[in-house]
Amino acid sequence: MARVLIVGAGLTGSLCAALLRKEAPPPVHLTVWEEAGDSGGRMMTARSPYNPQSTVDLGAQYITCTPHYAQQHQSFYDDLLALGILKPLTSPIEGMVMKEGDCNFVAPQGVSSIIKHYLKESGADVCFRHRVTQVNLRNDKWEVSKDTGPPEQFDIVVLTMPVPRILQLQGDIANLISECRRRQLESVSYSSRYALGLFYEAGTKIDVPWAGQYITSNPCVRFISIDNKKRNIESSEVGPSLVVHTTVPFGVTHLEHGTEDVQGLIFQQLEGVLPGLPRPVATQCQKWRHSQVTNAAANFHGQLTLHLKPFLVCGGDAFTQSNFDGCVTSARCVLEALKNHI
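- Per an unreviewed UniProt entry, the protein is named Renalase, and its organism is Neovison vison.

**A look at helix H3 (residues 74-82)**
Part 1 of the argument: Buried residues of H3: Phe-76, Tyr-77 and Leu-80, and no others. Seen end-on, H3 carries its buried residues on one side only, within an arc spanning 95°.
Part 2 of the argument: One or two steps after H3, the chain reaches Gly-84, where phi turns positive at roughly 80°.

**With respect to the domain arrangement of the protein**
Part 1 of the argument: Taken domain by domain, the protein comprises domain 1 (1-37 + 128-188 + 300-341) and domain 2 (44-111 + 190-295).
Part 2 of the argument: When each unit is reduced to the centre of its C-alpha atoms, the spacing between domain 1 and domain 2 is 29 Å.
Part 3 of the argument: Each partner contributes residues to the interface: domain 1 has 16 residues there, and domain 2 has 15 residues.
Part 4 of the argument: Interface area, domain 1 with domain 2, both sides summed: about 1,400 Å², of which 57% is carbon and sulfur.
Part 5 of the argument: The three residues of domain 1 that bury the most area against domain 2 are Ser-322, Phe-324 and Asp-325, which together make up 38% of that side's buried surface.
Part 6 of the argument: In this assembly, domain 1 and domain 2 are joined by zero salt bridges.
Part 7 of the argument: The tally of links from domain 1 across to domain 2 stands at seven residue pairs in polar contact (both at pLDDT 80 or more).
Part 8 of the argument: Tallying contributions element by element places helix H11 (residues 324-339) first for the side of domain 1 that touches domain 2, with five residues.
Part 9 of the argument: In the side of domain 1 that touches domain 2, the residues fall into nine nonpolar, four polar and three charged.

**Points about the sheet that holds strand S13 (residues 156-159)**
Part 1 of the argument: Read from one edge to the other, the open sheet built from six strands follows the order S9-S2-S1-S13-S22-S21, with strand pairing classed as mixed. Where the open sheet ends on each side, the last strands, each with one partner, are strand S9 (125-128) and strand S21 (303-307). With direction set aside, neighbouring strand axes in the sheet form an average angle of 20°.
Part 2 of the argument: Sheet strands in contact with H11 are S13, S21 and strand S22 (311-315), and its direction is about 165° off that of S22.

**Regarding the UniProt feature "domain: Amine oxidase" (unreviewed entry) in the protein**
Part 1 of the argument: UniProt's entry tags residues 100-332 with the feature "domain: Amine oxidase" (unreviewed entry), counted in the numbering of this structure.
Part 2 of the argument: Secondary structure over residues 100-332 splits into 27% helix and 31% strand, and the C-alpha atoms at its two ends are 27 Å apart.

**Describing the nonpolar core**
Part 1 of the argument: Membership of the largest hydrophobic core comes to 42 residues, with the highest contact counts inside it found for Ile-114, Tyr-118 and Phe-324.
Part 2 of the argument: When residues in this core are grouped by element, the largest group, eight residues, is from H11.
Part 3 of the argument: Split by domain, the residues of this core number at least three in each of domain 1 (1-37 + 128-188 + 300-341) and domain 2 (44-111 + 190-295).
Part 4 of the argument: Sequence-distant contacts of Phe-324, that is, excluding residues within four places in its chain, are made with Leu-11, Ile-63, Tyr-77, Leu-80, Ile-114 and Tyr-118.
Part 5 of the argument: Counting 28 residues, the second-largest nonpolar core is a separate cluster that includes Val-7, Val-135, Met-161 and Ala-318.

**What about the sheet that holds strand S7 (residues 93-94)?**
Part 1 of the argument: Spatial strand order, S7-S16-S17-S18-S15-S19: six strands in an open sheet with mixed pairing. What marks the edges here is a single partner per strand, and that holds for S7 and strand S19 (282-288).
Part 2 of the argument: With two bridges connecting them, S7 and strand S16 (residues 212-214) associate as parallel partners. The partner of Ile-93 across the bridge, within S16, is Gly-212.
Part 3 of the argument: This element, helix H10 (residues 259-273), spans strand S15 (193-199), strand S17 (221-226), strand S18 (241-246) and S19 of the sheet and lies at about 70° to S15.

**Notes on the UniProt feature "signal peptide" (unreviewed entry) in the protein**
Part 1 of the argument: Those places that UniProt annotates as "signal peptide" (unreviewed entry) correspond, in this numbering, to residues 1-17.
Part 2 of the argument: Taken end to end, residues 1-17 is 41% helix and 35% strand, and its two terminal C-alpha atoms sit 16 Å from one another.

Conventions and cut-offs
- Residues numbered from 1 in each chain as written.
- Predicted model: local features only at pLDDT ≥ 70, side-chain atom pairs only at ≥ 80, totals over all residues.
- Heavy atoms only, no water.
- Buried < 20%, exposed > 50% of the residue type's maximum accessible area, 1.4 Å probe, protein only.
- Helix = DSSP H or I, 4+ residues; strand = E, 2+ residues; numbered from the N terminus.
- Arc of directions from axis to C-beta.
- Domains from an automatic or database assignment.
- Contact = heavy atoms within 4.5 Å.
- Buried area = accessible area lost by both parts, 1.4 Å probe.
- Salt bridge = Lys/Arg side-chain N within 4 Å of Asp/Glu carboxyl O.
- Polar contact = N/O pair within 3.5 Å; in protein donor to acceptor, adjacent residues only side chain to side chain.
- Nonpolar A, V, L, I, M, F, W, Y, C, P; charged D, E, K, R; others polar.
- Pairing = 2+ DSSP bridges.
- Axes fitted to C-alpha atoms, helices over the stretch in contact; angles between N-to-C directions.
- UniProt positions renumbered as here; feature names shortened; annotations may be inferred.
- Core = buried A, V, L, I, M, F, W, Y, C linked by side-chain atoms within 4.5 Å.

Dropping the structure here:
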């Protein structure tokens, strides 16, 4: 039985796992390692510690589908819509730029429900708090080390974490990346920002006419969403939740600062944008060191194959574009590369 390791439980990793289960010839044993404590990656949904039904999307806020991808990826959209995992965005988002023919979707149960759906479909063994540190060649297999526990061996490895994390890996993998490829990978760049989620008691009113708003006049706050309102799941029994995304310049300036200090600065600026905001019962501040790809790896067509026997491939939005369709494109390209070698 071929043992396949997928590193990263974000959209590309989870979809790679689901597509492999569906299309790869059996028998294949799928394992997903994720360094965080939950799945989602940059499609992360946080829960209130006081009420797990109160959730907030700290990463992607909604999915924009262009006419081109509505056709190219129709089966993916149709499946998610049929299952109720995605629904059309009908709540007002002030300042959102709409192009002709585009459709926007939200995930009623939080955007991480998309990732959880694909992981469930894959039947993979999913392990959290597994941070990969080394990848070595051992007897025509990959020996993969993590920061805790013994190394494990796999026949195939798929790396879907941000490119800077791939370049940090130790072991034989470092020698597999030629100088030319290394320069191309080092040219990949990401924006950085913070997201602050606020959870409120049931019955709390946040009296604004919008569900989301883009802010253009503040050095810190770029986007605000009343998240339950955005997803059309307002309830008298569950308190509202709010998310603030900072500007990229603020994120870059405060990237190495303590999260508590940054949270205080965001609160100060938020008070200026939304005066009199009620006091939350809980908060969660998320640093996105690798938020969105601002410069993708050129000429890789969705994936980068580093080694053929045994097979090692890299995928993710760094090889396409930083959105839902970019991740779907990369996962499909990874699958095509893998099908030739399983």
